[in-house]
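Results of the structural survey
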Amino acid sequence: MTLADMSELHCPNCGDLVCPAIKSVKMITCESCTTTLLLEDAGLRLSGQQGVLHDVPMLCGLGDQLQIGTGRYQILGHARFSYRRGTWDEFWAVDAGGKPVWISVDEGDLILQRSLPPEAWPTYGGKLRLGRILRYKSEGFRVDEDGTGTCIGLKGSFDHPLTVGESYRFLNLQGDAGNVLSAEISGEQYEWFIGTWIDPFEVKVTVA
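Let me begin by describing the structure that accompanies this report.

Here the focus is the overall build of the chain. Secondary structure assignment for the chain yields 1 helix and 16 strands. Counting every position in the chain, which comprises 208 residues, the buried fraction comes to 42%. In the chain, the share of contacts with a sequence separation of at least 24, taken over all contacts with a separation of at least 6, comes to 46%. Total accessible area computed for the chain in this model is approximately 11,100 Å², and 51% of it derives from carbon and sulfur atoms.

Here you go:
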């Protein structure tokens, strides 16, 4: 399916035009009827509802462009998760070269992360418990958080499916050189990310 073909997609629920932001998008929410749609070779397939994203004060939002240091990032998707301390927001974005990144925002703290390919995942024996130290690329990472987050709202485009109401286990590991490793776990499926903390006062936002 080409990008030109994708621009002519219509929501199978309400019939309105749905326009994925970029070719690598795998999931999108319909702005008209709030339905979550999966993009497949044959077109769009219903997935569920997008949930509710209540308006709260945030540094950035869907469609905004962020400048972080020398990098520029366009926000294409917004997901919100609930967990023990409240909620946090995940923004799916692409950099100037079209490569995907995730920007996590929790109580004003920002982390810019990229997904690690399986061959670059950290290796270890046994279980990762709170306080355990994991060595990765010559840096020591301590398991600081082991929790569960539940997706409560979606809006925009994403490069992989997310489901409102689905819960995910997550691990956050703080590195002694300032980097952050995190894992998202669904059943037996893992996905690892590497990132860095971002000072929100150093982020320049161009509002959509």
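Using the criterion set out here, one finds 8 aromatic pairs in the structure. The interplanar angle of 15° and the centroid separation of 5.0 Å between the aromatic rings of F81 and W88 together place this pair among those described as stacked. As far as burial versus exposure is concerned, F81 and W88 are alike and both buried. Aromatic pair F81 and Y168: ring centres 6.1 Å apart, planes at 75°, arrangement edge-to-face. On the criterion of sequence distance, the pair formed by F81 in strand β7 (residues 71-83) and Y168 in strand β13 (residues 167-175) is long-range, its members being 87 residues apart. Through successive ring pairs, a cluster of aromatic residues spans F81, Y83, W88, Y168 and F170.

Glancing now at the state of the cysteines. Applying the stated criterion across every chain yields a total of 0 disulfides. C14 forms no disulfide, and the closest cysteine sulfur to it belongs to C30, at a distance of 3.7 Å. C14 sits in the partly exposed class, given a relative accessible area of 33%.

On to the nonpolar core, then. With 26 residues, the main nonpolar core has W92, L154, F158 and L162 as its most contacted residues. With residues up to four places along the chain from it excluded, the contact list for F158 reads V25, K26, M27, G77, H78, A79, W92 and W102. Grouped together as the second largest cluster of nonpolar side chains are 14 residues, L66, Y73, A93 and V105 included.

In total, this model carries 6 salt bridges according to the counting rule given. Its salt-bridge partner being R80, residue D89 comes within 2.7 Å of it at the nearest N-O pair. The burial state of D89 is the same as that of R80; both residues are buried. The closest approach of N and O atoms between D146 and R169, which form a salt bridge, is 2.9 Å. Here the residue D146 occupies a position in strand β12 (residues 139-158), and R169 occupies one in strand β13, the gap between them amounting to 23 residues.

Note: β13 against strand β14 (residues 179-186), 6 bridges, orientation antiparallel. Directly across from L173, in β14, lies its bridge partner L181. Linking β13 back to β14 in an antiparallel pair, the connection comprises 3 residues, with G178 at a positive phi of about 100°. Here β14 pairs with strand β15 (residues 189-198) via 8 bridges, running antiparallel. Across the sheet, the residue bridging to I185 is Y190, located in β15. Count of turn residues in the β14/β15 antiparallel hairpin: 2 residues, of which G187 carries a positive phi of about 65°.

The rules behind each value
Residues numbered from 1 in each chain as written. Predicted model: local features only at pLDDT ≥ 70, side-chain atom pairs only at ≥ 80, totals over all residues. Heavy atoms only, no water. Helix = DSSP H or I, 4+ residues; strand = E, 2+ residues; numbered from the N terminus. Buried < 20%, exposed > 50% of the residue type's maximum accessible area, 1.4 Å probe, protein only. Contact = heavy atoms within 4.5 Å. Areas by Shrake-Rupley, 256 points an atom, 1.4 Å probe, with all protein chains shown as cover. Phe/Tyr/Trp six-rings, centres within 6.5 Å; stacked < 30°, edge-to-face > 60°. Disulfide = S-S within 2.5 Å. Core = buried A, V, L, I, M, F, W, Y, C linked by side-chain atoms within 4.5 Å. Salt bridge = Lys/Arg side-chain N within 4 Å of Asp/Glu carboxyl O. Pairing = 2+ DSSP bridges.

By themselves these figures say nothing about function.
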